[in-house]
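For reference, the chains in residue letters:
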Amino acid sequence: MEKNPEKNAEFDVHAMSAWELLKNKFFYKPLSKDIGWWYTLGSLCLFLFITQVITGILLAGNYVPTLQEAYNSVEHIQNEITLGWLIRGVHHWGSHLMVLTVFIHLLRVFFHGGYKRPNQYIWVTGIFLLFLTALMALTGYILPWSDRSYWAATILAKVFEFLPVIGNWLANMVGGIQVGALTLTRYGSFHMILLPMAILAVIATHVVLIQLHGEKGPPPKEGIDVGTQPFFPHQLSKDAIASFVMMAALFLLALYVGVPADPAAEPLTTINSVPKPEWFILFGYEILKMFEGKSIVIALTVLPVVGIAVLLFLPFYDKNEQRAYTKRPLAIATGVGAVILILYLTVIAEVSSPLPGKFFAPDRPLAVKELAGLALFEKNVCYCCHSMEGIGMKNAPDLWKVASKRDAEYIRNLLKDPDKTIGKKGKMVKYHLDDADREALVSYLGSVDFMSYKSKLIEPSVFRSAHIIYRNEKEITAADAKGRDQQIAALLQKNKQELREKSPLAKISSEKIAEIASYFAANYK
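Throughout, residues of each chain are indexed from 1 in the direction in which the sequence is written. Given that this is a predicted model, residues contribute local features only at a pLDDT of at least 70 and side-chain atom pairs are listed and counted only at 80 or more, while totals for whole chains, interfaces and linings are drawn from all residues. Each side-chain value is worked out from all heavy atoms of the structure, with water and hydrogens disregarded.

**Description of the overall build of the chain**
Strands are runs of DSSP state E lasting at least 2 residues, helices are runs of H or I lasting at least 4, and numbering of each runs from the N terminus. When helices and strands are tallied, the chain shows 21 helices and six strands. The 525 residues of the chain split such that 45% are buried. A fraction of 77% describes how many contacts in the chain between residues 6 or more apart in sequence connect residues 24 or more apart. Total accessible area computed for the chain in this model is approximately 28,500 Å², and 64% of it derives from carbon and sulfur atoms. The buried label goes to any residue with under 20% of its type's maximum accessible area, the exposed label to any with over 50%, and the partly exposed label to all in between, with areas taken from a 1.4 Å probe on protein chains only. What makes two residues a contact is simply this: any of their non-hydrogen atoms within 4.5 Å. Only the protein chains shown count as cover for residues, and all accessible areas are computed by the Shrake-Rupley method using a 1.4 Å probe.

This is the structure:
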């Protein structure tokens, strides 16, 4: 067949034009010479997103989104598939680092004044990317269907229910108040389909806008013209090095830190882990603790809406055209103050809640049953909502004088059916306790009256041992203290040896167990 020279010539011209366009608009695009390593953050965000997509696809190929198999499939990936631990580790830490990188990237843009016209819509898409990235991490948190996943989904549905107008709709959208199979399906579709598509669309829009309007670079310095340089090889080489370092960090985190272990979700048992938000929303969690009762609606609606509006519309109400730090004292001071406040609230939330670290009981001789109830108070993390003499959370009443306000029958009914007893659905989480454990918790709460007795701190090892003794009372048959001492010591040692790391006494020494056994033998009742 004879070639058509005119057609080939036309093809070459078009190909050359496309190459010239790519070269001039991308590779050899002029950038300010003082653009440095801070300006690799945008490329790192894109690199991390690509990494998340690749590892996510590999994980999805072995993940089973059902209540029966979700946890087992994740464990299969982690422990049996070749390099499954590495893929999961990179995906896990990649999600955290992507949230952090997007946040720092936005801070850099703010402090350099990069959000000002004509880059206002680049800023808006960046804010959308921050929230979508956070949502991506949060929805992924649910999918392993571990104990933390289950309670996170449960609490999130309860939070949605608090919201006016759209609360019930949002709760139903994520699977409903009764967390189950639909919850996992919904979160899976958000995490693996809807959110990645939304992020991809926002990133594409973001990149196109940058190509159209350009990168402003650091704030200009008076009387100094730093000049320009092409994107390739100067900035592209920095982007490549930053991406390589990030990949190395992901590998090292996956190898030496891994993904935190967590037991499988068991909705009909007590909580085995502490429901606590991810680190990047801990500051909001700390703010939420400042509100009680109906005022919580303010923390869940007014404050977030105002905060998002302030960020989104920043380029439109900030009329100052100057980008130099000295020309924007109010904006810089506000930004620094906001960062310090967020860091402070995050640290406070991390170290102070929901684990109180202190457990109180009345300063009088306590029965084994009462102390066993304190163990259940800890195990069911009641302090995630209640405080005790100011220690713990404040989303529900302080329990320091509950015994003087509520009788045993009311407390028993409350634990059995909180919705019916309170008269309002969703005000308190329903715990699935058997009769013996429920009576122990009733006994402990019925003893808490710090108006009649002073309070005293109880060591966790003591009340955890009390619960073991309480649940195995039939094995304590000796009538004398010495015989009881031997039987209790043997019972506690048996629990530690058989359950190993799952035993509440796993980190308690044999000497301490012997001391606890002697205490209960002498004060057994």
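Read on, since the account is not over.
**Description of the packing of aromatic side chains**
Two rings from Phe, Tyr or Trp (for Trp, the six-membered ring) form a pair when their centres are within 6.5 Å of each other. A pair whose planes differ by under 30 degrees is stacked, one over 60 is edge-to-face, and the rest are tilted. Considering all chains together, one arrives at 11 aromatic pairs under this definition. Ring plane angle 85 degrees and centroid distance 5.9 Å describe the contact between tryptophan 145 and tyrosine 150, whose orientation is recorded as edge-to-face. There is no split in this pair, since tryptophan 145 and tyrosine 150 are both buried. Taken together, the aromatic side chains of Phe110, Phe111, Tyr115 and Trp123 make up a single cluster linked through ring pairs.

**A few points about the packing of helix α2 (residues 41-60) against helix α9 (residues 231-256)**
Axis lines are fitted through C-alpha atoms, for helices just across the contact stretch, and the angle between N-to-C directions can take any value from 0 to 180 degrees. At a minimum axis distance of 9 Å, the contact between α2 and α9 shows a crossing angle of 45 degrees. Here α2 is positioned oblique relative to α9, judged by the angle of their axes. Both α2 and α9 take part in a crossing whose hand is right-handed. On the side of α2, the interface is formed by Ser43, Leu44, Phe47, Leu48 and Thr51, while α9 contributes Asp239, Ala242, Ser243, Met246, Met247 and Leu250. Should an angle fall under 35 degrees it is taken as roughly parallel, and over 145 as roughly antiparallel, whereas 65 to 115 is taken as roughly perpendicular and any remaining angle as oblique. Handedness of each helix crossing follows the sense of rotation of the near helix against the far helix: counterclockwise by less than a right angle gives left-handed, clockwise gives right-handed.

**Thoughts on the side chain of serine 149**
Following the sequence through the fold, serine 149 ends up in helix α6 (residues 147-162). Serine 149 gets classed as buried once you look at its relative accessible area, which sits at 1%. Here a polar contact is taken to be a pair of N or O atoms separated by no more than 3.5 Å, where protein atoms must pair a possible hydrogen donor with a possible acceptor and residues adjacent in sequence count only if both atoms sit in side chains. Within polar-contact distance, the side chain of serine 149 engages the backbone oxygen of tyrosine 141 at 2.9 Å. Filtering out sequence-adjacent residues up to four positions away, serine 149 remains in contact with Tyr141, Ile142 and Pro144.

**Focus on the pattern of salt bridges**
Any Lys or Arg side-chain nitrogen found within 4 Å of a carboxyl oxygen on Asp or Glu counts as a salt bridge. By the definition in use, this model includes 11 salt bridges. Between glutamate 409 and arginine 412 there is a salt bridge; the shortest N-O distance is 2.8 Å. With glutamate 409 and arginine 412 both in helix α16 (residues 408-416) and three residues apart, this pair spans about one turn of that helix. Among the residues examined, glutamate 409 registers a relative accessible area of 44% and is labelled partly exposed. The exposure class of arginine 412 is buried, given its relative accessible area of 18%. Two residues, arginine 471 and aspartate 437, come together in a salt bridge whose shortest N-O distance is 3.2 Å. A residue pair is termed long-range when its members are at least 10 positions apart, and arginine 471 in helix α19 (residues 460-471) and aspartate 437 in helix α18 (residues 435-445) qualify at 34 residues. Under the relative-accessibility criterion, arginine 471 is labelled partly exposed at 38%. For aspartate 437, a relative accessible area of 11% translates into the label buried. Each of the salt bridges in this network shares a partner with another, and the network as a whole consists of Glu409, Arg412 and Glu439.

**Re the nonpolar core**
In summary, soluble globular proteins display a tendency toward joint burial of nonpolar side chains. Within the largest apolar cluster, 110 residues are counted, with the highest numbers of intra-cluster contacts made by Phe377 and Phe520. The element contributing the most residues to this core is helix α4 (residues 84-111), with 10 residues. Nonpolar cores are built from buried Ala, Val, Leu, Ile, Met, Phe, Trp, Tyr and Cys residues. Side-chain atoms within 4.5 Å join them into one set.

**Observations concerning unusual backbone geometry**
In this structure, proline 118 follows arginine 117 across a cis peptide bond, with omega equal to 10 degrees. Along the polypeptide, proline 118 turns up in the loop between α4 and α5 (120-142). The backbone of leucine 83 shows a phi angle near 60 degrees, a positive value even though the residue is not glycine. Position of leucine 83 among the secondary structure elements: in the loop between α3 (70-79) and α4.

**Quick word on the environment of leucine 457**
The residue leucine 457 is located in strand β6 (residues 455-457) in this model. Considering only alpha carbons, one finds leucine 457 and phenylalanine 359, 98 residues apart in sequence, at a separation of 5.6 Å. Beyond its immediate stretch of four places on either side in the chain, leucine 457 contacts Lys358, Phe359 and Phe360.

**Regarding α18**
Summarising burial for α18: eight of the 11 residues are buried, a large majority. Restricting attention to buried positions, one finds in α18 the residues Asp437, Arg438, Ala440, Leu441, Val442, Ser443, Tyr444 and Leu445. Residues of α18 that are buried make contact with β3 (360-362), α14 (368-379), β4 (387-388), α15 (402-405), α16 and α19.

**Considerations on the confidence of the model for the chain**
Each residue carries a pLDDT score, the predictor's own confidence in it, on a scale running from 0 to 100. Within the chain, residue pLDDT values average 86, and 89% of them lie at 70 or more. Considering each helix and strand of the chain separately, the mean pLDDT is smallest for helix α1 (residues 5-27), with a value of 58, and largest for α4, with 97.

**A closer look at the side chain of threonine 301**
The topology assignment puts threonine 301 in helix α11 (residues 296-312). Ignoring sequence-local partners within four residues, the contact set of threonine 301 consists of Leu163 and Pro164.

**A closer look at helix α20 (residues 481-499)**
Helix span is expected to be 1.5 Å times the residue number reduced by one. In this model α20 runs 27 Å from its N-terminal to its C-terminal C-alpha over 19 residues, within 8% of the 27 Å that 1.5 Å per residue would give. Inspection of α20 places Gly483, Arg484, Ile488, Ala489, Leu491, Leu492, Asn495 and Lys496 among the buried residues, and these make up the whole buried set. On its buried face, α20 is in contact with α19 and α21 (510-522). Taken from the residues just after α20, arginine 500 is the one with a positive phi, measuring 55 degrees.

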